[in-house]
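# Fold and geometry: a report
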Amino acid sequence: FDSGVGGLTVLRAVRERLPRESVIYLGDTARVPYGTKSRATIERYAIEDAAFLIEKGVKMIVVACNTASAMARESLRRDFNVPFLTVLGPGARAAARTTRNKRIGVIATEATIESGAYERAIHEAYRDLNGESEVEVFSQACPLFVPLVEEGETESPIARLVAKQYLASMRERKIDTLVLGCTHYPLLKTVIGETMGEGVMLIDSAEAVAEETAQLLERAGRLDTSDEPNESQFYVTDSAARFHRIAERILSAPLEHLEAVEVWGHDKLHSN
């Protein structure tokens with residue numbers, strides 16, 4: 001699940017890595033963006049989203065939202081029994097493996113930046129890989145990026161102007177690796193890449209999340225090995241027509257099933 005269309009970048013990677021698996025996607029488009037909300041509100045939204053998916057009989061949940069990953073991980077794992085994979089860990093580990101000058105930037109929503117979750121995760125991942133945590137992490141909130149993506153403004157002049165404004169400090173800090181710490185941001189990868197220049201590697205955690213999803217399911221003996229055709233179901237809490245238009249462009253494929261639903265109140269019915 002994600003707050004909107006951004007998590008489709010993760011779904012796309014999961015479908016490519018695990019073509020036999022059926023995937024259910026929930027975009028909480030009525031309440032996007034999550035990144036400007038309080039921790040308590042984000043936790044409540046995440047629990048309601050997860051409860052809705054569990055009602056559908058899922059065997060694991062990918063939290064395809066960095067804000068929910070940073071703010072609601074503990075609550076989700078406390079309240080539900082299914083395995084959860086967040087996007088934050090795979091992204092941090094990919095950044096730690098990639099940097100050469102030990103100067104890493106993170107761009108994300110305000111809530112994710114304020115939580116400090118990426119900074120802690122990158123230091124931990126770098127220490128695990130190299131035996132020491134002497135890596136510098138610079139963070140920048142980019143609150144306008146999510147609305148731009150939700151409106152389909154991914155390569156427009158206004159997107160370039162906003163990116164130039166937000167990323168100026170990252171250019172000054174001579175980072176060599178930039179974590180796209182929100183699943184909406186890879187949809188702005190062209191603009192972000194042009195702004196940062198060729199010397200900066202952009203970390204899109206989608207592929208890392210897909211690989212870790214496969215590993216988790218394999219360890220649990222839950223990989224789908226049947227020859228039955230897989231299917232994807234899509235649910236949104238508002239603006240189905242807009243989601244449909246943007247999603248088909250992101251996935252380069254028609255949506256098999258799209259339905260507008262309500263998720264509020266599911267936490268009361270389904271949490272343990």
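For the structure, see preceding data.
Since the structure is predicted, the reported quantities are computational estimates derived from the model, not experimental observations.

### Details of the packing of helix H4 (residues 88-98) against helix H6 (residues 117-130)
Two numbers describe how H4 lies on H6: the axes approach to 8 Å, and their chain directions differ by 50 degrees. The orientation of H4 relative to H6 falls into the category oblique. H6 is crossed by H4, and the crossing has right-handed handedness. For the pair H4 and H6, the contacting residues are Leu 88, Gly 91, Ala 92, Arg 93, Ala 96 and Arg 97 in the first and Ala 117, Tyr 118, Ala 121, Ile 122, Ala 125, Tyr 126 and Leu 129 in the second. Considered class by class, the residues forming the contact of H4 with H6 number 10 nonpolar, one polar and two charged.

### Things to note about the sheet that holds strand E8 (residues 232-236)
Pairing is parallel across the open sheet formed by three strands, whose spatial order is E1-E8-E9. Across the chains shown, the open sheet's two edge strands, defined by having one partner strand only, are strand E1 (23-27) and strand E9 (258-260). In this sheet, neighbouring strand axes are inclined to one another by 20 degrees on average, regardless of whether the strands run parallel or antiparallel. Where E1 meets E8, five bridges bridge the pair, whose relative direction is parallel. Bridge assignment links Tyr 25 to a residue of E8, and that residue is Phe 234. Contacting E1 and E8, helix H1 (residues 8-17) crosses the sheet at an angle of about 175 degrees to E1.

### A word on the layout of surface pockets
Size it by volume and the largest pocket reaches roughly 480 Å³. Lining the largest pocket are 24 residues, with Ser 22, Val 23, Ile 24, Val 58 and Met 60 sitting closest to its centre. Elements that contribute at least two residues to the lining of the largest pocket include exactly H1, E1, strand E2 (61-63) and helix H10 (206-219). When the residues that make up the lining of the largest pocket are grouped by side-chain class, the tally is 15 nonpolar, five polar and four charged. Here the second largest pocket is characterised by a volume of approximately 260 Å³. Lining the second largest pocket are 18 residues, and of these Arg 73, Leu 88, Gly 89, Arg 93 and Ala 121 sit closest to its centre. Going through the elements one at a time, helix H3 (66-79), strand E3 (84-86), H4 and H6 are the ones with two or more residues in the lining of the second largest pocket. Looking at which element gives the most residues to the lining of the second largest pocket, the answer is H6, with seven residues. Residue composition of the lining of the second largest pocket, grouped by class: nine nonpolar, two polar and seven charged.

### Looking at empty space enclosed by the protein
Rolled over the atoms, a probe as big as a water molecule pinpoints where empty space is left. Within the structure shown, the criterion is met by three cavities of 30 Å³ or more. Put simply, the largest cavity is a space of about 60 Å³. Lining the largest cavity are 13 residues; nearest its centre among them are Ser 3, Cys 65, Thr 67, Thr 109 and Cys 182. Grouping the constituent residues of the lining of the largest cavity by class yields five nonpolar, seven polar and one charged. Approximately 40 Å³ is the volume found for the second largest cavity. Around the second largest cavity sit Pro 33, Gly 35, Thr 36, Thr 109, Glu 110, Cys 142, Pro 143, Val 146 and Tyr 185, which together line it. A class-by-class count of the residues in the lining of the second largest cavity yields five nonpolar, three polar and one charged.

### Quick word on the state of the cysteines
For the structure shown, the criterion picks out zero disulfides. Of all cysteine sulfurs, the one in Cys 182 lies closest to Cys 142, which takes part in no disulfide; the gap is 9.4 Å. Owing to a relative accessible area of 0%, Cys 142 belongs among the buried residues under this scheme. The thiol of Cys 182 is unpaired, and the distance to the nearest cysteine sulfur, on Cys 65, comes to 6.7 Å. A relative accessible area of 6% means that Cys 182 is categorised as buried.

### Concerning the packing of H1 against H10
The geometry of H1 relative to H10 is characterised by a closest axis approach of 8 Å and an angle of 45 degrees between their N-to-C directions. Of the possible angle classes, the one that applies to H1 and H10 is oblique. In this structure, H1 crosses over H10, and the sense of that crossing is right-handed. Between H1, through Thr 9, Val 10, Ala 13, Val 14 and Arg 17, and H10, the contact on the second element is made entirely by Ala 206, Glu 207, Val 209, Ala 210, Glu 211, Thr 213 and Ala 214. Tallied by class, residues from the contact of H1 with H10 come to seven nonpolar, two polar and three charged.

Cut-off values and rules
- Residues numbered from 1 in each chain as written.
- Predicted model: local features only at pLDDT ≥ 70, side-chain atom pairs only at ≥ 80, totals over all residues.
- Heavy atoms only, no water.
- Axes fitted to C-alpha atoms, helices over the stretch in contact; angles between N-to-C directions.
- Helix = DSSP H or I, 4+ residues; strand = E, 2+ residues; numbered from the N terminus.
- Parallel < 35°, antiparallel > 145°, perpendicular 65-115°, else oblique.
- Left-handed = near helix turned anticlockwise from the far one by under 90°.
- Contact = heavy atoms within 4.5 Å.
- Nonpolar A, V, L, I, M, F, W, Y, C, P; charged D, E, K, R; others polar.
- Pairing = 2+ DSSP bridges.
- 1 Å grid on protein atoms, 1.4 Å probe; cavity = no way out; pocket = protein on both sides within 12 Å on 5 of 7 lines; lining within 4 Å.
- Points joined across faces, edges and corners; volume = space filled by probe spheres on them.
- Disulfide = S-S within 2.5 Å.
- Buried < 20%, exposed > 50% of the residue type's maximum accessible area, 1.4 Å probe, protein only.

These figures capture arrangement, not role.
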